[in-house]
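Chain by chain, the residues run as shown.
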Amino acid sequence: ESLLAGGIRKDSVVYKLFLKVSQNIYRRADDLLVSSRSFVNYFRQVLKLENKRIRYLPQYAEDMFDELPEPGGKKDTVDFMFAGNVGALQSVETIVEAARLVQKQKNIHIHIVGGGIALENCKKLAEGLENITFHGRHDITEMPAFYAMADAMLITMKDDPVLSATLPGKVQTYMAAGKPVVGAIGGETAKIVNEDAVCGMCCQPEDSAALAKILQQIADDSEMRTRFSENARRYYRQYFRKERFFAVLEETLQENCV
């Protein structure tokens, strides 16, 4: 399905070949473990795997994000941070345009930490903006320090039904760190953030105007940020922690070995 998001046509030979290969691989499996609940419907309806047992096994965050270092110094801005790949599918351009829309609100600053094929284009779009900083790519061991300086974390994706079905791993990392999640993303991620965990606010993908309004709202409400932060960490520990992941995985393996 990533082929479709990348521009490959559904009636193309390439797509049909990959669909057939995918179906054959999944049919040979005794059990299927999916990282997003939305994948269950996809496997049933598109790949026609009605008789397979499919279990939900979301990713977990690295332990280093459970306890962040103390942020240093006093600041006069609310800092929003995007961390991860800056690619064609991540729609970081939506963040840049939102930064342009809130540039007069001096208490908002946006940080982009990561690299990718869309980074240079995003930098060009951001020329002249003083409220956005590009930090480039950093090793994962350096990321807790960046997270510590953030008041909320950003996530964006292209407006695509397949991408909306995914749950990007950075969501778990953001929540493990106890950070409010702010996004222009739909589907599974929006449901978890807006409804299940109530740990942030998400608008529709690629809607920079709606994202800008969310940035303003969260920047102006410290109590909301505190509430979202507490909810994020609580939900992570209940549903996404490493111990739960391995318990489900071990149980599945043992059942198949009997």
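The following paragraphs examine the structure supplied in this document. Given the structure is predicted, the values throughout are model-derived calculations rather than measurements.

Brief notes about the side chain of Asn131
Next, step 1: Inspection of the secondary structure assignment puts Asn131 in the loop between helix 5 (119-125) and strand 5 (132-136).
Next, step 2: Separated by 2.8 Å, the side chain of Asn131 and the backbone oxygen of Ala99 make a polar contact.
Next, step 3: Among all residues touching Asn131, those that are not within four sequence positions of it are Ala99, Val102, Gln103, Ile108, His109 and Ile110.

Here we look at the packing of helix 4 (residues 92-101) against helix 10 (residues 208-219)
Next, step 1: It is the contact of helix 4 with helix 10, at a shortest axis distance of 8 Å, that shows an interaxial angle of 60 degrees. The orientation of helix 4 relative to helix 10 falls into the category oblique. The two elements helix 4 and helix 10 cross, and the hand of that crossing is right-handed. Contacts from Thr94, Ile95, Glu97, Ala98 and Leu101 of helix 4 reach helix 10 at Ser208, Ala209, Leu211, Ala212 and Leu215.

Here's the deal with the nonpolar core
Next, step 1: Counting 34 residues, the largest nonpolar core has Tyr147 and Met175 as the members making the most contacts within it.
Next, step 2: Looking at this core, the elements with two or more residues in it are strand 3 (78-83), helix 6 (143-149), strand 6 (152-156), helix 8 (169-176), helix 9 (187-196) and helix 11 (222-240).
Next, step 3: Once residues lying within four places of it in the same chain are set aside, the contact partners of Met175 are Val181, Ile192, Ala197, Cys199, Ala232, Arg233, Tyr235, Tyr236 and Phe240.
Next, step 4: In this structure, Ile110, Cys203, Leu215 and Ile218 belong to the second largest nonpolar core, which totals 33 residues.

Regarding the pattern of salt bridges
Next, step 1: Applying the stated criterion across every chain yields a total of 13 salt bridges.
Next, step 2: Here Arg53 makes a salt bridge to Asp31, at a shortest N to O gap of 2.6 Å. Remark: Asp31 occurs in the loop between helix 2 (13-28) and strand 1 (32-34) and Arg53 occurs in the loop between helix 3 (38-45) and strand 2 (54-56); sequence separation between them is 22 residues.
Next, step 3: Among the salt bridges present, the one from Arg100 reaches Glu97, with a minimum N-O distance of 3.8 Å. Of the two residues, Arg100 and Glu97 both sit in helix 4, 3 residues apart, roughly one turn of that helix.
Next, step 4: The exposure class of Glu97 is partly exposed, given its relative accessible area of 33%.
Next, step 5: In the salt-bridge network here, residues are joined through shared partners; they are Asp31, Arg53, Arg55, Glu251 and Glu255.

Each value, and the rule that gives it
Residues numbered from 1 in each chain as written. Predicted model: local features only at pLDDT ≥ 70, side-chain atom pairs only at ≥ 80, totals over all residues. Heavy atoms only, no water. Helix = DSSP H or I, 4+ residues; strand = E, 2+ residues; numbered from the N terminus. Polar contact = N/O pair within 3.5 Å; in protein donor to acceptor, adjacent residues only side chain to side chain. Contact = heavy atoms within 4.5 Å. Axes fitted to C-alpha atoms, helices over the stretch in contact; angles between N-to-C directions. Parallel < 35°, antiparallel > 145°, perpendicular 65-115°, else oblique. Left-handed = near helix turned anticlockwise from the far one by under 90°. Core = buried A, V, L, I, M, F, W, Y, C linked by side-chain atoms within 4.5 Å. Buried < 20%, exposed > 50% of the residue type's maximum accessible area, 1.4 Å probe, protein only. Salt bridge = Lys/Arg side-chain N within 4 Å of Asp/Glu carboxyl O.

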